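Residues per chain, in single letters:
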Amino acid sequence: MDNEEILDESFFADGKVFTKGHIIWAAVLGGPLAIAYMFSSNFKVFKQQNMMLRAWLVAFSIYLGVIYLSSVFPLLENLPSIFYTLAFAFISNRFFMIYQAFFADDHISKGGSTQSGFTVFLFILFGFIATIGLVFGFMYLMDPEGLNLIWEEVNGV
């Protein structure tokens, strides 16, 4: 009996994964960019490189679609921001359950580890900052003078 027959490669779990809870917290506090990174990182650990790019494309598409639709339709503009937060949380939970829950559970059951709370916090923080930057960039593209007026009002000029 060869050692290769006894030891299966899948027995050893490499890498750290983001759990469902991590992704939900990223949806609530970090925005779609943090979610995209977490999904992409998980796909890398699960050796599904073709899905890594798709995670980023889906996140950007949803994010840009929400921003565009809220600027075009006045009804969506008046929705409270908690609606968008809950929508991102629901969508990310659904995607996780469909595409990653089995692999994450399998990874953890084989002795694989999860990302630390500090790492999750950092990616949520970076996602939040990037989301704010993208919102202000979009506002500038839509109305450069309006953003300048907001800036002057905040700075008391």
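Note that the structure is a prediction, hence the values are computed from the model and not measured.

Caption draft 1: Expanded view of the nonpolar core. If you look at the biggest cluster of nonpolar residues, it comprises 23 residues, and the most contacted ones within it are Ile23, Ala26, Ile35, Met38, Phe39 and Phe96. Broken down by secondary-structure element, the contributors of at least two residues to this core are α2 (20–30), α3 (32–45), α4 (49–72), α6 (81–99), α7 (101–109) and α8 (117–142). For Ile23, the contacting residues outside a window of four places in its chain are Phe18, Ile35, Met38, Phe39, Asn42, Ser92, Phe96 and Gln100.

Caption draft 2: Inspection of the environment of Ser109 at higher detail. By the secondary structure assignment, Ser109 is in helix α7. Among the polar contacts listed, one links the side chain of Ser109 to the backbone oxygen of Asp106, at a separation of 2.9 Å.

Caption draft 3: Structural view of the packing of aromatic side chains. This structure, assessed with the given rule, holds eight aromatic pairs. Each ring, one from Phe18 and one from Phe123, has its centre 6.2 Å from the other, and the planes form 85°; the classification is edge-to-face. Of this pair, Phe18 sits in the loop between β1 (16–17) and α2 while Phe123 sits in helix α8; the two residues are 105 residues apart in sequence, bridging distant segments of the chain. By relative accessible area, which is 24% here, Phe123 ends up partly exposed. Geometrically, the ring pair formed by Tyr37 and Phe123 is stacked, given 4.2 Å between the ring centres and 20° between the ring planes. With Tyr37 in helix α3 and Phe123 in helix α8, this residue pair connects regions lying 86 residues apart in the sequence.

Caption draft 4: Structural detail: the side chain of Gln100. As for its placement among the helices and strands, Gln100 is situated in the loop between α6 and α7. A polar contact is formed between the side chain of Gln100 and the side chain of Asn42, at a distance of 2.9 Å. Sequence-distant contacts of Gln100, that is, excluding residues within four places in its chain, are made with Ile23, Phe39, Asn42, Phe43, Phe46 and Phe95.

About the cut-offs
- Residues numbered from 1 in each chain as written.
- Predicted model: local features only at pLDDT ≥ 70, side-chain atom pairs only at ≥ 80, totals over all residues.
- Heavy atoms only, no water.
- Core = buried A, V, L, I, M, F, W, Y, C linked by side-chain atoms within 4.5 Å.
- Buried < 20%, exposed > 50% of the residue type's maximum accessible area, 1.4 Å probe, protein only.
- Helix = DSSP H or I, 4+ residues; strand = E, 2+ residues; numbered from the N terminus.
- Contact = heavy atoms within 4.5 Å.
- Polar contact = N/O pair within 3.5 Å; in protein donor to acceptor, adjacent residues only side chain to side chain.
- Phe/Tyr/Trp six-rings, centres within 6.5 Å; stacked < 30°, edge-to-face > 60°.

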